[in-house]
Amino acid sequence: KKMGNSSFLRPSSFLLTGMPGMEGGNMWVAIPLCSMYVISILGNSTILLVIKVDRSLHKPMYFFLCMLATADLGVSLSTLPTVLSVLLFDSREIGFDACLAQMFFIHCFSIMDSGVLWAMAFDRFVAIYNPLQYSSVLTNPRIGLMGLGLAVRSVIFLVPLPILLTRLPFCRSRVLAHSFCLHPNLIQLPCADVRVNSMYGLFVLLVTFGLDSLFIVLSYVMIIKTVLSIASKEERLKALNTCVSHICAVLVYYIPMIGLSMVYRFGKHVSPLIHVLMANIYLLVPPVLNPLIYSMKTKQIRRGICKLL
């Protein structure tokens, strides 16, 4: 249909990409990816089930861990259908609306992941700074409100992204760089000025991931100051040991995200395979490793899994 003097083109579908240069070996790529999806879904579902069943784990730290597992499950389940359809059945087509919906959910759950990691850092700060008031500061209603606030924040910031994309004319290639739909990839396809989309995407990045990472750093600065004021060396080590799992989860989440952002911003001439690998690492590795980290480093979770088995 016409829009002024230019034609407004809304594609009926996009074409997804598997692993560039490895099209003949899709099955070999699918095996490790399927294994990662199985580990992610089983691991995070187990964490949720253990915490639900074991009433001794109905504490703030484990409620936040439930939120993290839910967000990780959301990321995995958002990408699973298209990744498997491309690699197992060579079905590369995805409808325009389905692509926007997938993009929305992937980014929504990713932002929730980031927010929950900040909430967990705040939880560790309260537990170390004022352990006697811990349960009175982080009550169940407050934790519920924090979780709801993080979910609402994700939705509010992300609703404009698909709306802005529907207003753009797509008259270039319909081929996406990944096996799933991501906003940085989609805004490369329109044959129009995408500065508004790009600037809004950057704004969302700064007020979510940027602020979350800043709050995490500030929380740990306060934690370290508190720990250094503890006289006993054993008590200092014990306090820091309660943060190890969370620090690992933060590193596992933010390092791939920074790597993917750098590739998108500055890696225009890098092999397409690097772009695809970084995107898969960013979306798959944290949901796979987080349950393993908390299962290995938290004896209460290990004990709960053993009781469940």
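A quick note: this is a predicted structure, and the numbers were derived from the prediction, not measured.

Draft legend 1. Layout of the layout of surface pockets. Taken as a whole, the largest pocket encloses approximately 710 Å³ of empty space. Taken together, 23 residues line the largest pocket, and the ones lying closest to its centre are Met61, Arg124, Lys238, Thr242 and Gln300. Taken together, the elements giving at least two residues each to the lining of the largest pocket come down to helix H2 (60-89), helix H3 (96-129), helix H9 (233-241), helix H10 (244-266) and helix H12 (299-308). Split into classes, the residues belonging to the lining of the largest pocket amount to ten nonpolar, six polar and seven charged.

Draft legend 2. Structural view of a positive patch on the surface. There is a patch of like positive charges on the surface, built from Lys59, Lys238, Lys297, Lys299, Arg302 and Arg303. If you tally residues by element for the positive patch, the top one is H12, at three residues. Assignment of secondary structure puts lysine 299 in helix H12. When its relative accessible area of 54% is taken as the criterion, lysine 299 is described as exposed.

Draft legend 3. Spotlight on the environment of asparagine 197. Residue placement: asparagine 197 occurs in helix H8 (residues 195-228). Judged by its relative accessible area of 4%, asparagine 197 falls in the buried class. Along the sequence, asparagine 197 and histidine 183 sit 14 residues apart, while their C-alpha atoms lie 9.0 Å from each other.

Draft legend 4. Broad picture of the pattern of salt bridges. What the rule picks out here adds up to four salt bridges. Its salt-bridge partner being aspartate 123, residue arginine 124 comes within 2.9 Å of it at the nearest N-O pair. With a relative accessible area of 7%, arginine 124 lands in the buried category. Taking the shortest distance from any N to any O, the salt bridge between aspartate 212 and arginine 153 comes out at 2.9 Å.

Draft legend 5. Summary view of the environment of alanine 279. Considering the arrangement of structural elements, one finds alanine 279 in helix H11 (residues 272-297). In this structure, the C-alpha to C-alpha distance between alanine 279 and proline 20, residues 259 residues apart in sequence, is 13 Å. Residues contacting alanine 279, with those up to four places away along its chain left out, are His178, Phe180, Leu182 and Leu260.

Draft legend 6. Inspection of unusual backbone geometry at higher detail. In this structure, aspartate 90 takes a positive phi of about 55° despite not being glycine. Note on aspartate 90: relative accessible area 52%, which makes it exposed.

Draft legend 7. Local environment of the packing of H3 against helix H5 (residues 140-158). For the pair H3 and H5, the least separation of the axes is 9 Å and the interaxial angle reads 145°. Pair H3 / H5 crosses with right-handed handedness. Residues Phe104, His107, Cys108, Ile111, Met112, Gly115, Val116, Ala119 and Phe122 of H3 form the contact with H5, whose participating residues are Met146, Leu150, Ala151, Arg153, Ser154, Val155 and Leu158. Along the lines of polarity and charge, the residues of the contact of H3 with H5 split into twelve nonpolar, three polar and one charged.

Draft legend 8. The UniProt feature "transmembrane region" (unreviewed entry) in the chain, seen in detail. The UniProt record marks residues 27-50, 62-89, 101-122, 143-165, 199-223, 244-267 and 273-293 with the feature "transmembrane region" (unreviewed entry), using the residue numbering of this structure. In residues 62-89, helix accounts for 100% and strand for 0%; the two terminal C-alpha atoms are 39 Å from one another. In residues 101-122, helix accounts for 100% and strand for 0%; the two terminal C-alpha atoms are 32 Å from one another.

Draft legend 9. Molecular detail of the side chain of serine 85. Tracing the backbone through its elements, the reader meets serine 85 in helix H2. Sequence-distant contacts of serine 85, that is, excluding residues within four places in its chain, are made with Asp90 and Ser91.

Draft legend 10. Geometry of a nonpolar patch on the surface. Judged by side-chain polarity, Met27, Trp28, Ile31, Leu88 and Phe89 come together as a nonpolar surface patch covering roughly 610 Å² of accessible area. Of all the elements in the fold, those that place two or more residues in the nonpolar patch are helix H1 (26-53) and H2. Looking at the nonpolar patch, the element that brings in the most residues is H1, giving three residues.

What counts and what doesn't
- Every chain begins its residue count from 1, and numbering advances along the sequence as written.
- Thresholds applied to this predicted model are a pLDDT of at least 70 for local features of residues and 80 or more for the giving and counting of side-chain atom pairs; totals over whole chains, interfaces and linings are not thresholded and use all residues.
- Note that the side-chain values use all heavy atoms of the structure and ignore hydrogens as well as water.
- Grid points spaced at 1 Å over the protein atoms alone were grouped into cavities, where a 1.4 Å probe fits but cannot get out, and pockets, open sets with protein on both sides within 12 Å along at least five of seven lines, with lining residues defined by an atom within 4 Å of a point.
- Grid points are joined across faces, edges and corners, and a volume is the space filled by probe spheres set on the points.
- A run of H or I in DSSP counts as a helix once it spans at least four residues, and a run of E counts as a strand once it spans at least two, with each numbered from the N terminus.
- When residues are sorted by character, Ala, Val, Leu, Ile, Met, Phe, Trp, Tyr, Cys and Pro go into the nonpolar class, Asp, Glu, Lys and Arg into the charged class, and all the rest, Gly among them, into the polar class.
- Only residues whose relative accessible area exceeds 30% and that form no salt bridge are eligible for patches; like-charged ones are grouped when within 9 Å, while nonpolar side chains (Val, Leu, Ile, Met, Phe, Trp, Tyr) are grouped when within 5 Å.
- For the area figures, the Shrake-Rupley method with a 1.4 Å probe applies, and any residue is considered shielded solely by the protein chains shown.
- We count a salt bridge whenever a side-chain nitrogen from Lys or Arg sits within 4 Å of a carboxyl oxygen from Asp or Glu.
- Neither His nor the chain ends contribute to the count of charged residues, in which Lys and Arg are positive and Asp and Glu negative.
- For this purpose, a charge sits on NZ of Lys, CZ of Arg, CG of Asp or CD of Glu.
- For the exposure calls, accessible area comes from a 1.4 Å probe over protein chains only, and a residue counts as buried if that area is under 20% of its type's maximum, exposed if over 50%, partly exposed in between.
- In this description, contact between two residues means that some pair of their heavy atoms is separated by no more than 4.5 Å.
- In this description, a line fitted to the C-alpha atoms serves as the axis of each element, helices being fitted only across the stretch in contact, and the angle between N-to-C directions of two axes falls anywhere from 0 to 180 degrees.
- In this scheme the handedness of a crossing depends on how the near helix is turned from the far one: anticlockwise by less than a right angle means left-handed, clockwise means right-handed.
- UniProt positions are given in the numbering used here, feature names are shortened, and annotations may be inferred rather than shown by experiment.

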